[in-house]
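Observations on the model geometry
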Amino acid sequence: MTGFDATDVAVTGIGVVTPRGGDASAADAPRPDAPGDWFDYRTELGRRGYKYLPPAAQYYLAAANRALAAAGGPTVPAEDRGAAVGTNSAAEALHTAMDETVITAGAADLSPATAPYFSINLFGSRMAMEHRLQGFNLTLTTPRIAGLEALQTGLRSLRLGRASWLLAGATEEALDPRDPGAARSEVGAVALVLERTDLLRARGGTALGHLAVRSCYVPPDAPSDEARARVARLLADRPAGAGATEPGDVTAVLDGSTVATAVHQVLGPDARRVPAGSGALEPLLQAVGTVGRHPDRPGAVVTASAQGNVAVCWVLPAHDDRTHDERAHERAAHDERTAPDRTARAEPAPAGSVA
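Everything numeric in this text was worked out from a predicted model, so none of it was measured.

The helix and strand inventory of the chain stands at 10 helices and 12 strands. Of all 355 residues assigned to the chain, the portion counted as buried reaches 49%. As presented, the chain carries roughly 16600 Å² of accessible surface, and 52% of it is formed by carbon and sulfur atoms.

As structure tokens, then:
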């Protein structure tokens, strides 16, 4: 199970919005104990229309805007644009507050501005509406791997022809302070723009890299040898070009669960270890960090949840054998094809009409 092609889709834009930093280097920064007042929606999004968006929706919209700016905006019709977002705790604190309102005062006291967000599917909707992503819009919530799973599901949809352009990512908000996992809360969002490589080349664009995600299930109570065998099979299903991955170029985002222990045993001691947070943001942040950390060689990010979900994201360097002049020629040809017809002349207005 080796050697599948992952270069048919390319990463063209990355957006990071976290208290650890606003670009891919945030993956190497420590997670702050108390983020403080680090995000201002008025600066990131605008002063009007965003005040009552839940924080996780604000973070994701801001990260998406940054990724889109880096990629040069959507480059295909609205119906060919897809979206997928992963989250575990975007709504947890909000839902806790809603529950308390219903119990203490009644449902009539729920805020009409935030009540619709009882549905986790709405946290990526504002972003999809603003940027007219009409191909599909998916929300994934699998513990720990939801962000990588958003990539996996979105990439599969592109390859099935359901879209040709994808915005995928993850967003999280801090857990309620009374939650047992609050000390490991994750805050912020990551978004990536991915495009079909053939269309990217046709417009003379530049790839940042290529991603491939695989996932599996390892029963938490499985015998250790069976658990390791399942993880080993997952890691053996790698894309062409990933065979040169060095142990030090593999990042393991793990907790102390039995499933994570099996993953760690298969990877060995040389894998770069990053403590898992409470949600699905860290693995995706580490994936974009890998894109920026060594753009000339492959890497991987592996993560697992205590519930048994395991995923690997392979990161491949951008492969482009075109010369600078060839890229410039393709970009100019694309601009000429898509430019408005400046030679068309307006028809004269009928007599008596107001021009």
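Along any regular strand, the residues point their side chains to alternate faces of the sheet. The element strand 3 (residues 81-86) is largely enclosed, with a buried count of 6 among its 6 residues. With burial as the criterion, each face of strand 3 is covered, one bearing R81, A83 and V85 and the other bearing G82, A84 and G86. Pairing between strand 3 and strand 5 (residues 165-172): 6 bridges, direction parallel. In the sheet register, G86 faces strand 5, and the bridge partner there is A170. Note that strand 3 and strand 4 (residues 136-140) share 5 bridges and pair parallel.

Turning our attention to the pairing of strand 9 (residues 250-254). Along strand 9, 5 of the 5 residues are buried, which leaves the element largely enclosed by surrounding structure. Covered by surrounding structure in strand 9 are V250, A252 and L254 together with T251 and V253, the residues of both alternating faces. Where strand 9 meets strand 11 (residues 299-304), 4 bridges bridge the pair, whose relative direction is parallel. Bridge pairing in strand 11 places V250 opposite A300. The sheet contact formed by strand 9 and strand 10 (residues 272-275) spans 4 bridges and is parallel. By the bridge assignment for strand 10, T251 is matched with R272. Between strand 9 and its parallel partner strand 10, the chain crosses via helix 8 (residues 258-267), and the hand of that crossover is right-handed.

This part is about the packing of aromatic side chains. Inspection of the entire model under this criterion finds 4 aromatic pairs. Considering the side-chain rings of W38 and F39, the 5.5 Å spacing of their centres and the 55 degrees angle between planes classify their relative orientation as tilted. Judged by relative accessible area, W38 falls into the partly exposed class, the value being 24%. Residue F39 is classed as buried on the basis of its relative accessible area of 13%. Ring centres of F39 and Y59 lie 5.1 Å apart, and the angle between their planes is 85 degrees; on these two criteria the pair is classed as edge-to-face. Of the two residues, F39 is situated in the loop between strand 2 (9-17) and helix 1 (41-44) and Y59 in helix 2 (residues 55-71); the sequence distance between them amounts to 20 residues. Per residue, the accessibility class of F39 equals that of Y59, and both read buried. By way of ring pairs, the aromatic residues W38, F39 and Y59 are connected into one cluster. The ring of Y41 has R42 sitting right over it, with the charged end atom 6.0 Å from the ring centre.

Here we take up the pattern of salt bridges. Any two side chains of opposite charge can pair, given that their charged atoms come close. Here the structure, examined in full by the defined rule, presents 16 salt bridges. Here R144 makes a salt bridge to D255, at a shortest N to O gap of 3.2 Å. Placement of the pair is R144 in the loop between strand 4 and helix 5 (146-159) and D255 in the loop between strand 9 and helix 8, with a sequence separation of 111 residues. One salt bridge connects D237 with R214, and the closest N-O pair in it is separated by 3.1 Å. Highlighted residues: D237 in the loop between helix 7 (224-236) and strand 8 (238-239) and R214 in strand 7 (residues 209-217), separated in sequence by 23 residues. Relative accessible area serves as the criterion here: at 25%, R214 is assigned to the partly exposed category.

This part covers the side chain of H210. Secondary-structure assignment places H210 in strand 7. Judged by relative accessible area, which is 1%, H210 ranks as buried. Discounting residues that sit within four places of it in the chain, H210 has contacts with A6, T7, V9, A10, T197, W314, V315, L316, P317, A318 and H319.

In a regular helix each residue adds 1.5 Å, so 13 residues correspond to 18 Å; helix 7 covers 18 Å between its end C-alpha atoms and thus fits that length. Along helix 7, the residues that are buried comprise A227, V231, L234 and L235. The arc that holds every buried residue of helix 7, seen down its axis, measures 95 degrees, which confines them to one face. Those residues of helix 7 hidden inside the fold are in contact with strand 7, strand 8, helix 8, strand 11 and strand 12 (309-317).

Within the chain, residue pLDDT values average 89, and 89% of them lie at 70 or more. With pLDDT under 50 throughout, residues 341-355 is counted as low confidence; its partners more than four residues away or in other chains account for 0 contacts.

Here we take up unusual backbone geometry. Look at R132: it is not a glycine, yet its phi comes out positive at around 55 degrees. For R132, the position within the fold is in the loop between helix 4 (125-130) and strand 4. Its identity is not glycine, yet R144 carries a phi of approximately 65 degrees, on the positive side.

Conventions used here
What you see as residue numbers is a count from 1 along each chain, following the sequence as written. Thresholds applied to this predicted model are a pLDDT of at least 70 for local features of residues and 80 or more for the giving and counting of side-chain atom pairs; totals over whole chains, interfaces and linings are not thresholded and use all residues. As a convention, hydrogens and water are excluded, and side-chain values are obtained from all of the structure's heavy atoms. Secondary structure counts use DSSP, requiring at least four H or I residues in a row for a helix and at least two E residues in a row for a strand, with both numbered from the N terminus. In this scheme, a residue with accessible area under 20% of its type's maximum is buried, one over 50% is exposed, and one in between is partly exposed, where area comes from a 1.4 Å probe on protein chains only. Surface accessibility follows the Shrake-Rupley procedure with a 1.4 Å probe radius. Residue values consider only the protein chains on display as shielding. Whether two strands pair depends on DSSP finding at least two bridges between them. The definition of a right-handed crossover adopted here requires that, viewed with the strands pointing away, the path from the first strand over the helix to the second runs clockwise. When the centres of two rings from Phe, Tyr and Trp lie within 6.5 Å, Trp using its six-membered ring, the rings pair. Their planes under 30 degrees apart give stacked, over 60 give edge-to-face, and anything left gives tilted. Counted as over-ring charges are cases with an Arg CZ or a Lys NZ within 6 Å of the ring centre that also lie within 35 degrees of the ring normal. Here, a salt bridge means any Lys or Arg side-chain nitrogen found within 4 Å of an Asp or Glu carboxyl oxygen. Here a residue-residue contact requires only that any non-hydrogen atoms of the pair lie within 4.5 Å. A helix is expected to span 1.5 Å multiplied by its residue count minus one. When we speak of the arc, we mean the arc of directions from the helix axis to the C-beta atoms. The predictor attaches a confidence to each residue, called pLDDT, with possible values from 0 through 100.

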